[in-house]
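Now for the letters of each chain:
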Amino acid sequence: MRQINYSSTDQRINSLRAMDSATGEPVDISHDTAGLALWYQRPGEAKQTITPVAKASLTEAHSNGGVEPIDDGYFQLDSPDEAFATGATSVLFGGTATDVIIIGVEIMLVVAPGATGGAAIVGSEMGLVNGAITDTKIESDAITSAKIADGAITAAKLADAAITAAKIASDAITAAKIASDAITAAKIAADAITSAKLADGAIAAAKIADGAITSAKLADGAVAAAKIADNAITNAKLADGAISAAKLADNAITAEKIAANALAAVKFAADAITAIQNGLATAANLATAAASAASAASSASTAATNASTAATNASAAETAANA
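Residues numbered from 1 in each chain as written. Predicted model: local features only at pLDDT ≥ 70, side-chain atom pairs only at ≥ 80, totals over all residues. Heavy atoms only, no water.

A. Examining the overall build of the protein more closely. Helices and strands together make up the secondary structure of the protein, namely two helices and ten strands. Going from the N terminus to the C terminus, the protein shows its helices and strands as β-β-β-β-β-β-β-β-β-β-α-α. The burial tally for the protein puts 15% of its 323 residues in the buried class. Sequence-distant contacts, at least 24 apart, represent 62% of the contacts inside the protein between residues at least 6 apart. Carbon and sulfur atoms provide 54% of the accessible area of the protein, an area that totals close to 24,400 Å². (Helix = DSSP H or I, 4+ residues; strand = E, 2+ residues; numbered from the N terminus. Buried < 20%, exposed > 50% of the residue type's maximum accessible area, 1.4 Å probe, protein only. Contact = heavy atoms within 4.5 Å. Areas by Shrake-Rupley, 256 points an atom, 1.4 Å probe, with all protein chains shown as cover.)

Below, the structure written as structure tokens:
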């Protein structure tokens, strides 16, 4: 079978032959043969008419549709360039005439060496049996991206570890592509989980390390009464002077809470003591109190006498000094 390169121009077909339909003898054909109708047809496309035109000789310049007899029923046809355009694998030429049978010819369309383009040739058109093209028949790097149909590469076609980080487009991995529990702690960069990434209530008590919540982590007023365990506030937790009168409940200070000798005279308001515990004001206690009062009075009198003597002595000294 004759082969012609894709996109070839000014091509001549010399293998068409005309035979008498009654006798089978060769018949010379020219552009004005009665009932002459010529055509070409490409696989999957409509048949195209070729209008015959006169030629003076076989060597005359190409002219689309030009017809000139050769000999023994063969004739030369100047083919239109469109017959050899890319997009098909072959082209068939044929025709009819009155009382004449024209034996057609098929031309294989091929890609010229070093050229690109053309059309895909299916195995049946090449005479290939199923499974004839094995991996050893395919040249390295021969299968380019353009040769691979969309969706042709399934998971089974991918070797383990074939998809590297560089092969994954930005934002290509959505949440739906990540298996449950696939993201371990080691996969999370430091400081990657911000507050905005945490759902409300997501951090349970078990997720907080001991000693992890420092004072700086607590907002002012964040620790409500319900958050403080019973007996959690010990003496060491109270700052000096932290318990004001307003913090003490009525009747909260019992006798057991007052240290010995803690209540000095300055702690009592005027007329504050309106009653004396039964049995406390005994005769012995009152005598002791009276003796103490007398002793205090005597000491005061002695102090006054001493002060008067000191004043007299001071006056005498001043007189002597003036003399």
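B. Molecular detail of the pairing of strand E10 (residues 105–110). Of all six residues in E10, five are buried, a share of seventy percent or more. In this structure, strand E1 (residues 3–5) lies alongside E10, joined through three bridges in parallel fashion. Residue pairing in the sheet places Gln 3 in a bridge with Met 108 of E10. Across four bridges, strand E8 (residues 90–97) lies against E10 in antiparallel orientation. Counted as the bridge partner of Leu 92 is Glu 106 from E10. (Pairing = 2+ DSSP bridges.)

C. Structural context of the side chain of His 62. Along the chain, His 62 turns up in the loop between strand E5 (53–54) and strand E6 (66–71). Looking at His 62, its side chain comes within polar contact range of the side chain of Asp 10, at 3.4 Å. Within the structure, His 62 has its side chain in polar contact with the backbone oxygen of Gln 11 (distance 3.3 Å). The contact partners of His 62, leaving out residues within four places of it in the chain, are Asp 10, Gln 11, Arg 12, Asp 78 and Ser 79. (Polar contact = N/O pair within 3.5 Å; in protein donor to acceptor, adjacent residues only side chain to side chain.)

D. Focus on the nonpolar core. Residues Ile 13, Phe 84 and Phe 93 are the most contacted members of the largest nonpolar core, which totals 24 residues. Those elements that provide at least two residues to this core are strand E2 (12–20), strand E3 (37–41), strand E7 (74–78), E8, strand E9 (100–103) and E10. Every residue in contact with Ile 13, bar those within four places of it in the chain, is listed here: Arg 2, Ile 4, Phe 75, Gln 76, Leu 77, Ser 79, Phe 84, Phe 93, Val 105 and Ile 107. (Core = buried A, V, L, I, M, F, W, Y, C linked by side-chain atoms within 4.5 Å.)

E. Region of interest: the confidence of the model for the protein. Of the residues in the protein, 87% reach a pLDDT of 70 or more, and the chain-wide mean stands at 84. Of all the helices and strands in the protein, helix H1 (residues 123–126) carries the lowest mean pLDDT, 45, while E3 carries the highest, 98. When the criterion is pLDDT under 50, residues 120–127 qualifies, and its contacts beyond four places in sequence or with other chains add up to eight contacts. (pLDDT = per-residue confidence, 0-100.)

F. Summary view of the pattern of salt bridges. A full pass over the atoms with the stated rule returns four salt bridges. Note that Arg 12 is salt-bridged to Asp 78, the shortest N-O span being 3.0 Å. Of this pair, Arg 12 sits in strand E2 while Asp 78 sits in strand E7, and the two are 66 residues apart along the sequence. A relative accessible area of 21% means that Arg 12 is categorised as partly exposed. Note that Arg 17 is salt-bridged to Asp 72, the shortest N-O span being 2.9 Å. Of the two residues, Arg 17 sits in strand E2 while Asp 72 sits in the loop between E6 and E7, which places them 55 residues apart along the sequence. Exposure remark for Asp 72: the relative accessible area of 40% places this residue in the partly exposed category. Salt bridges linked by common partners bring Arg 12, Lys 55 and Asp 78 together as one network. (Salt bridge = Lys/Arg side-chain N within 4 Å of Asp/Glu carboxyl O.)

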